[in-house]
Structure formats: structure tokens, C-alpha cells
Amino acid sequence: MYHSLLRIHLIGFDADMADVVEKTAPPTSFTRQVTASPALGAASADDPAVSQADGLFLRVVDEDSLAAVEPLLAARKPGADLVLIAPNDLAAAAEPFLGQLTDLWADPLSPATLAFHFARWQRARKDAADAWETAQYLEATINSIPCLIWYKTADGVHEKVNDSFCETVGKTKEQVQGQRHAYIWDVEEDDPACIESERIVMETERTCVSEECVQTGSDTRLLTTYKSPLYNPDGTVMGTVGVGIDITQERAYEASLVEKTRTLETIFTTMECGVLTHSIDGSRILGINQAALNILGYESEAELMDQGFDMIAPTVVEEDQAMLRERIATLTHIGDSVSTEYRVRRSTGEILHVMGNIKLTEKDGERYFQRFLLDITEQKLEEERKERHQRDLLKALSEDYLVVCAYDLDTDVSEPVRVSTDPALGLANVFGEGLTLEESGGRYISERVHESDRAKMADVLSPARILEHLETDDRLDALYRTGQGDEAQFCQVTIVRAGSWDDGHRIVMGLRNVDRQIREELQQKELLEEALVRANKASEAKSAFLTNMSHDIRTPMNAIVGFTTLATNHIDQKDRVEEYLAKIQASSHHLLSLINDILDMSRIESGKASLDEQRSSIHEIMENLHTILQPEADERGITLKVDAGPEAEVPIICDKLKINQIFLNLLGNSLKFTAPEGVVSATVAEAPGAPAGCRRYRMVVEDTGIGMSPEFLKHIFDPFERERTSTISGIQGTGLGMAITKSLVDMMGGTIEVASTEGVGSRFTVMLTLREADASGDLAPTAPTRVVPSDALKGCHVLLVDDNLLNREIALTLLEDAGFEVECAVDGQMAVDMMAEPDADRFELVLMDIQMPVMNGYEAARAIRALEGPAATVPILAITADAFDTDRQKALDAGMDGHLPKPIEVDKLFAALDALLA
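Residues numbered from 1 in each chain as written. Predicted model: local features only at pLDDT ≥ 70, side-chain atom pairs only at ≥ 80, totals over all residues. Heavy atoms only, no water.

## Quick notes on the overall build of the chain
Put simply, the test is: Secondary structure elements follow DSSP: runs of H or I no shorter than four residues count as helices, runs of E no shorter than two count as strands, and numbering proceeds from the N terminus. Exposure categories follow from relative accessible area, calculated using a 1.4 Å probe and restricted to protein chains: below 20% of the type maximum is buried, above 50% is exposed, and the middle band is partly exposed. Contacts: residue pairs with any heavy atoms within 4.5 Å of one another. Note on areas: Shrake-Rupley, 1.4 Å probe, and residue coverage restricted to the protein chains presented here.
Looking only at helices and strands, the chain has 28 helices and 32 strands in total. When each of the 918 residues of the chain is scored for burial, the buried share is 40%. When contacts within the chain are restricted to residue pairs at least 6 apart in sequence, those whose partners lie at least 24 apart make up 58%. When the accessible surface of the chain is split by element, carbon and sulfur atoms take 52% of a total near 49,700 Å².

Given below as C-alpha cells:
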């Protein structure tokens, strides 16, 4: 297979000698290139012909010329041969070089002797190349097969291994070759079984097959090994060659197969398909599952045998028994099978339809019948239902269709069932008695069908087309138009099979007017297309919202990151750090308001928001709003007016927080979009028309701001809508404020209207009807704000449970600075374990996060409440980023005593601790 170029360089050869070399044929698979330096001095060690030659042939004539040998030896390439041709009297002088020479030829040489020596040298080169090829074949073969292959000496040393061997033991060939069993397989001593098997191989000179379990690192492998003897040239055994096949996976498959066999046995006894195996003569039942007994109407195999089973169960309907025996008798060769339907009569008189398959099979030399029974009663009932449906369909066709005709496509016999006699339609002459389908269809298409649908209907009513379609479907429907121009109406042709298709190709065709239904569908399609346009617009709005949010959220985040870096860089400058921290806090509050807007809108859209109505007054709400917003108005240089008359002081029942949110949104927007020296006002006045026991209020928010365009006013209450992005306007927000405001007003049964003129200002009018409160009660006082816990709480022992290191660090510092003693747990399970300790009564409070690994806060709270002793009653306060009302209720349902949302607000935290521990 190989091919090689043999480069030969002759030095000191005369023309005749060179000619002898040239005429000596090269070996098979070789081509030859011969160069020569006729004079000894012409051959240089730097000559490429010398350094690239595979064979250098040097002819010397005297002792002085032997000086050329040493430089040629140094210049030849690795593997190249140097042959010296010298007179016999120079042999002694050449002795220092003899060990490095390939051969020494005595000169003078006759042409025949020279040809003989040169041919022998070529054969030696070919023998070496052949040996190289054989070694390469062997190396490629043993390294490409997945089996392990090794060659060992008689004393157990690995002389050679293949790549699969190295891959299995996890070592390189350099590490393995020259080592014994123990080192290679990472065990303390050589395997006695392995040594014994190799001893037997060498003594008996036979191949030994065995299974060996070997350890490869942390893994165990099972090998099937084939070991054979290796021989010395004199025929004595010099060692062994081994081939190992890894059968670990196969043995795992065998174990899996055993397990699957057990599973199949379980399935056999529990499957819905009945399986019955009995002898050839039908006298013995070899196996039966419960499903077969249920189908045949027996409780057990014993009962079936007692009732007289003889090939056929006695419950098989008598007229079906003979048929079933005949079918079984047709099975004469192993593997023959037959399927048939028969009936079984239950003791209650109920008839079951059974699909049975019987197969003749053989095992261990015994023939037997294997039968499968499937209850197809439901399918039979379904077939009967379909037949009734076809009859009902024909009846419906005859009542509702303009034309109903039956056709036999095999005989061209036709039968008009019903044809409208309306003279305006002119159908009586088209579908008359004795006309074939092609004749009636041709007339109808040419006289009644719209010209653009005639080709289509010609194809539909083609008998060949009908036959092709009804081969796979029960019916054929097609829509077309009749009439011309504006008077065209939509009609439908329906063609169904009549009876069994195997008994003949009979059809029933009906034509009916479906113009009204089609036009309604077209109208509905237009409505759907309009809805799609609206949905696409909403999607575009949300995409715009995400783009805006990417900017609006990154803006405060950029401030937080930037000022944090500045505070770190100027940590020793207290005033600058305080300024940076104030800006970080302001940016954090803004980011939190963005997130709250998004979450509020999500809650409202999902229907999770609800009203939390309490006693209050509109006057109190507006005064609080004035107090909250006046600093912002002063900072912007805007005049803020809030006017709530005496009628607003009447106590009412309302959701104070949501009304507060409505007007914070409206007034906040007005302040945002009003220039300095502008005016923002909020007025409240009682409006007429309130039901008994209620008050109706007109609340107006008005500003002298930039106003809004008429186009934007149409979408102001749509989610994610903003007339300008914050990048353009410089005013940040989510685009959800007005949508949230509108939704909150709708929740309270109120209305909101807006009027605006660009460059002049905007006016929002909210109408709300609210129930009057009991006049005898007082308004609930506002709880004072605390920023530190009471002195009585200092020294209290608290268990803080939170999986987030930063959250734990913040809470731990706040609590310890306030005088609390704090221990921490990083998940719910750890908290439960600590509360189960004997001295757990040291804890007076548990602060519990919700979303944690191992065990969440809800599960941990329930587990703590299930403990015995003081731990079961310790107060548990949820502190979590799950901030919805539903999350608060879930915390209470889990046994917790309170709920605070993250991020932690210090005053609210200490107020809650005072309430729980006071």
C-alpha cells in the first residue's frame, strides 16, 4: 500500500559502476532518484544530495581517501545508510568506522557482484519499509478498536498497551508500559486470579477466556478477557497477549432486563387488554390475567375451569362459538395468527363485543395458543352512533338543503330526494329524475354558479374527484357563489357517503344557501382584525414602555452606583459623604416608586387589588397631601393651593391609601409638568345626586403646566403611554401613573375626566361617591412615627432569618445599634432547628424572610408553631420582598404575627417591634 522515494548518492563511482546501479530495478512500491559525485573531492558534507540521501555509497582507493568517511557520517540524515566500497588492504584502516557503516564491499567489484550487493541493499530497505508498514497497521488497528489490548512478559510486565487500555486506567502509555498489574490498576498487589490465568495460558499454550473485575480509580469495571501465548523465535513462550472487552454496561443491561421482566409480569396481570394462554386441545389454561377474566365474566381462573372451559369460554354467545372454533382451527404453523370479533353474554344479560387475536406459538417444545381479548363494546356503540348520525344527517339534508340528491357512482343511477320548487332558483329542471351527476352538475354550474367559481365547482363535482376524496374522508364540503355581480350569494355543497363504501360507491349530495352565515363570519373576521391591530398597538406600547424603563431605571441606578463610588473615594470628607448618601437615598426612593408603579398596575390588571375601607375624611386626606407635597412645590417655585371646604370634614368610609394614591399621582404629575412660578391647585366640593347615607364629591386638580396634545389625551389612561420619554422631557416615570389612577377610580365606582390645552395647562375632574361614617365615632388618630424602639425593648434577644448576606448585615447592624441581641440563621430549616434547641426560650422574636433555600419562611413558621414549649408562641414578623396584600395574608395564615415589606424602613420596623414585644 505504501509508496516511497529512495534517494541514492554515489561518490567516487566511475560511469560503468553508476550505470550498473541505474539499471538495477528498484523494489516494489519504491521509486528511485540517483545522483553522483564522480570525484571523491566533489562530494561535500554541505551538499543537499548528501544530507537528503537515503543511501550514500562511497568508493575509496587509498588510505587518504578514507578521510571522507567521517564528515559523511556526520552529514547523513537519520536512518540513512552509508556503504563503503574499498580494497581489502584498506579494511584495517577502515576499522574505526565499521560500527557506523551499513556495509563494507570489497573492491574491485565486477558488474554482477555490484548488481548483487546493490539489489541486496535495496531488499534490506524494502524489508525495513515492509516491517514499518506492518508495525503501522498493527498500531493503527489496536489503537482504533474499543477493546483493551496489552502485551505482557512472562513475569507480568506490560510491554505494550493500546489507547483504549490507557483511557480505561486513566494513565498514559509512558506511565503504563514497563509496569505491573498493581501499579496500573491502582491496587495494593497484583491480582492472583490474573496471575493464575496467565500462568495457565503459558503452560497450556491455549487461549484462556475469563471474567475479571478491575478497579479504575473510584470506578469498578467488569471485563471479559481473552489471553493467548506469545512465542520466542525458538518456539518457547515469552509472554501473553490479552484482549479485554468492557462488559460493565452489558451486565447493567442484564440487570435492567430482569427488572423490566418483572415489570412486564406486573403489567400482564394489571393491563386492560385480556391475555389468555391455553394448550392446543383447549383443556388446560397456562396463563390468564385479570382483564381477560373480567371480559369473559369470571372472578377467577378456577371459576372459569369449573364452568367448563374447553377452548372457548361458556359465556361466549352460542352462535359465535362455532365460528371462533373454526378460526382457531385454521392456525397450523408456528407464528400463524388470526383476528376475529365475537360476543360475550354476562350473567346480567349484558352483551360485550370482543376483538380477539389468536396466535399459535411454541416454547420449550410445547405448542400453545396465545390469545388477546379487547373489549370493543364502546367502539361498537360509537359505530352505531355514527350510523344514526348519518341517518340524521340525511334527514337534516332533506329538511334544510335546497337540493338533496342520491347518486350511485358505479351505475350512474340518481335519485332526487328533495329539490326546491322555487321558480326563482330554477333547480327543478337541473336536478331532475334520471339525470346523472355529471349531467346535473354541468347544468347547475353553467346556469347558476358564479363565473369565477365554475372551474372550482367542476373539479369538486367530478366523480373521480369525489371518489378520491371519500376514500379517506367521510364527507366533502366546498364553498362557492351563485348569481352574478352584487346579487351573488354564498352557497355550500356537501357530499357524504351513503352506506358502506366497501359495498358500493353511493353518495348523497346537498346544496344549501349559507350567504348570511358567511357574511357574519366575514364581519367577525373584520372585528378580529381590528382586535389584532389593537393588540399590536398594545404590544408596541409595552415595547416602548420597556425601552423607557431601560432608561428610567438605569438613571437612578447610575446615580446610586456613581454616588456610592464617590462616597467611597471621599470617605474621609464627612460633608461630601453625607451629600452623596442623601442623593443615593433620593435615587433609591425614586427607583422604588418606579417598581411600585409597575407592581401596582400588575396587581390591578390581575384583579388582586382590593379596597381596604376605614373611617376617615376627605378634608384629612387633602390636608395630608398638602403637607406632603408643599416642600416639593416650594423647591420647584410653584404655588400649591389645596382647598377642601367644610363639607369635606364629614366622616366617611373609604380606602384612604388609594384615594391618597390617586391624588398623589394627579398632583405629582401637575408639579412635574408645571414650570416655576406656575400654579397647581386641588379643590374639593360636594356634588348633588348622592344616594341616602352617602356623600358625592367633585375633586378637581388643575395646573398651568405644559398641557397635552389632543392625540395623547385619547390614550392618557392606557398603560405604558407617555407623551414624551423621560430622555426627551427630562421627567422620569413609568407611564403607568394615569392607568393606575383610572383603575383605582373605577374600583371605587367613580369617574375621572381630563381636559388639557398645550402650553396652557390641564384639568382633571374626579367624581367619587363615598359612604358616610357613623356620626357617633371619632376619626382614627394617626399613629406617631418612631425611629427608635422604646427603652424597654433594648436587650431583647432576636433570631434573624435571611439567606442573603447583605440583607442580614443591614438588619443586624440596625438591630444591634438599637440595643437588640441578635443571632442569625441562613434558611428556614436552620431557624427551626435553633428554635427546637432546649434553650430556645432565649429568643423573644423571630424576623423571618420568605424566599429562602432548603425551607422557605412560610414552611418554617408552620414548623415553629408545631413545636412544643415557648417556641410555639414566640412572635414571628415576616420581613420580605413579597409585598402584596395577598403575601401579607399568606404570612398570617402560616402563623406569623406581622408583615413588613422590603426594603426595610427603620421607623416602621421599630414600630412593629414595639407592637409585638410591648
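## Observations regarding the pattern of salt bridges
Test applied: Salt bridge, as used here: a side-chain nitrogen of Lys or Arg that lies within 4 Å of a carboxyl oxygen of Asp or Glu.
Counted according to the given criterion, the structure contains 44 salt bridges. Linking Asp54 and Lys77 is a salt bridge whose minimum nitrogen-to-oxygen distance equals 2.8 Å. With Asp54 in the loop between α2 (48-51) and β3 (55-59) and Lys77 in the loop between α3 (69-75) and β4 (81-87), this pair connects stretches of sequence that are 23 residues apart. With a relative accessible area of 26%, Lys77 lands in the partly exposed category. For Asp190, the salt bridge is made with Arg180, and the minimal N-O distance between the two is 3.0 Å. Here Asp190 is found in the loop between α7 (181-184) and α8 (192-204), whereas its partner Arg180 is found in the loop between α6 (173-176) and α7, with ten residues between them in sequence. Residue classification places Asp190 among the buried residues on the basis of a relative accessible area of 18%. One network of salt bridges, in which partners are shared, links Glu139, Lys160, Asp163 and Lys173.

## What about helix α1 (residues 15-23)?
What counts is decided by this rule: Along the arc lie the directions from the helix axis toward the C-beta atoms. Here a polar contact means two N or O atoms within 3.5 Å. Within protein one must be a hydrogen donor candidate and the other an acceptor candidate, and residues neighboring in sequence count only if both atoms are side-chain atoms.
Turning to α1, its buried residues number three or more, namely Met17, Ala18, Val20 and Val21. Buried residues along α1 cover an arc of 155 degrees about the axis, so they all sit on one side. Residues of α1 that are exposed and point more than 90 degrees away from the buried face comprise Ala15, Asp16 and Lys23. The N-cap residue of α1 is Asp14: its side-chain oxygen and the backbone nitrogen of Asp16 are 3.2 Å apart.

## Section: unusual backbone geometry
Residue Pro108 is bonded to the preceding Asp107 through a cis peptide linkage, with omega at 10 degrees. The phi dihedral of Glu205 is positive, around 55 degrees, even though this residue is not glycine.

## Some thoughts on a negative patch on the surface
Keep this limit in mind: For patch detection, residues must exceed 30% relative accessible area and be free of salt bridges, and they are connected within 9 Å for like charges or within 5 Å for nonpolar side chains (Val, Leu, Ile, Met, Phe, Trp, Tyr). Counting rule for charge: Lys and Arg are taken as positive, Asp and Glu as negative, and neither His nor the chain ends is counted. In this description, the location of a charge corresponds to atom NZ of lysine, CZ of arginine, CG of aspartate or CD of glutamate.
Negative charge collects at one region of the surface, where Asp410, Asp412, Glu438 and Glu439 lie side by side. Structurally, the position occupied by Glu439 is in helix α14 (residues 437-447).

## Notes on the sheet that holds strand β28 (residues 797-801)
The test is simple: Between any two strands, pairing holds if DSSP finds at least two bridges. Fitted lines through C-alpha atoms give the axes, limited to the stretch in contact for helices. The angle between two N-to-C directions lies from 0 to 180 degrees.
The five strands lie next to each other as β29-β28-β30-β31-β32, forming an open sheet whose pairing is parallel. Every interior strand has two partners, whereas the edge strands, β29 (821-825) and β32 (898-901), have only one. Mean inter-strand twist for the sheet, computed between neighbouring axes without regard to direction, equals 20 degrees. With five bridges connecting them, β28 and β29 associate as parallel partners. Bridge pairing in β29 places Leu800 opposite Cys824. Packed on one face of the sheet, helix α24 (residues 805-817) meets β28, β29 and β30 (845-848) and runs near 165 degrees to β29.

## Looking at a nonpolar patch on the surface
A surface patch of nonpolar side chains, about 240 Å² in accessible area, is lined by Val209, Tyr226 and Ile245. With respect to the helices and strands, the residue Ile245 is situated in strand β10 (residues 237-246). Judged by relative accessible area, which is 33%, Ile245 ranks as partly exposed.

## Observations regarding the packing of helix α25 (residues 828-835) against helix α26 (residues 857-865)
Selection rule: Any angle that is under 35 degrees is reported as roughly parallel, and any over 145 degrees as roughly antiparallel; angles of 65 to 115 degrees are reported as roughly perpendicular and all others as oblique. Helix crossings fall into two classes, left-handed where the near helix is turned counterclockwise from the far one by less than a right angle and right-handed where it is turned clockwise. Three classes are used: nonpolar for Ala, Val, Leu, Ile, Met, Phe, Trp, Tyr, Cys and Pro, charged for Asp, Glu, Lys and Arg, and polar for all others, with Gly counted as polar.
Here α25 crosses α26 at 15 degrees, and the two axes come no closer than 9 Å. Between α25 and α26, the crossing angle belongs to the class labelled roughly parallel. When you trace α25 past α26, the crossing you get is right-handed. Along its contact with α25, which presents Gly828, Val832 and Met835, the element α26 presents Ala860, Ala863 and Ile864. Considered class by class, the residues forming the contact of α25 with α26 number five nonpolar, one polar and no charged.

## Re the nonpolar core
To keep it simple, the criterion reads: Remark: nonpolar core denotes a set of buried residues (Ala, Val, Leu, Ile, Met, Phe, Trp, Tyr, Cys) joined through side-chain atoms within 4.5 Å.
If you look at the biggest cluster of nonpolar residues, it comprises 40 residues, and the most contacted ones within it are Ile618, Ile659, Phe663 and Leu666. Breaking this core down by element, the ones donating at least two residues are α19 (618-636), β22 (639-644), β23 (652-654), α20 (656-672), β24 (679-686), β25 (694-703), α23 (737-747) and β27 (761-772). Each residue touching Ile659, except ones within four places of it in the same chain, is listed here: Ile618, Ile621, Cys654, Met748, Leu768 and Leu770.

## A word on the environment of Ser588
Relative to the elements of secondary structure, Ser588 occurs in helix α18 (residues 574-606). Accessibility expressed as a relative area gives 29% for Ser588, which makes it partly exposed. Separated by 28 residues in sequence, Ser588 and Ile560 place their C-alpha atoms 7.1 Å apart.

## Quick word on the packing of aromatic side chains
Filter applied, for reference: Each pair of aromatic rings taken from Phe, Tyr and Trp, with Trp reduced to its six-membered ring, is defined by centres within 6.5 Å and is described as stacked if the planes are under 30 degrees apart, edge-to-face if over 60, and tilted in the remaining cases. Charge over a ring is defined by NZ of Lys or CZ of Arg lying within 6 Å of the ring centre and within 35 degrees of the ring normal.
Under the counting rule described, the total for this entry stands at nine aromatic pairs. The interplanar angle of 55 degrees and the centroid separation of 5.4 Å between the aromatic rings of Phe57 and Phe118 together place this pair among those described as tilted. Here the residue Phe57 occupies a position in strand β3, and Phe118 occupies one in helix α4 (residues 111-144), the gap between them amounting to 61 residues. By way of ring pairs, the aromatic residues Phe57, Trp105, Phe118 and Trp121 are connected into one cluster. The ring of Tyr183 carries the charged tip of Lys171 above its face, separated from the ring centre by 5.6 Å.

Such coordinate-based values are descriptive only and should not be taken to indicate function.
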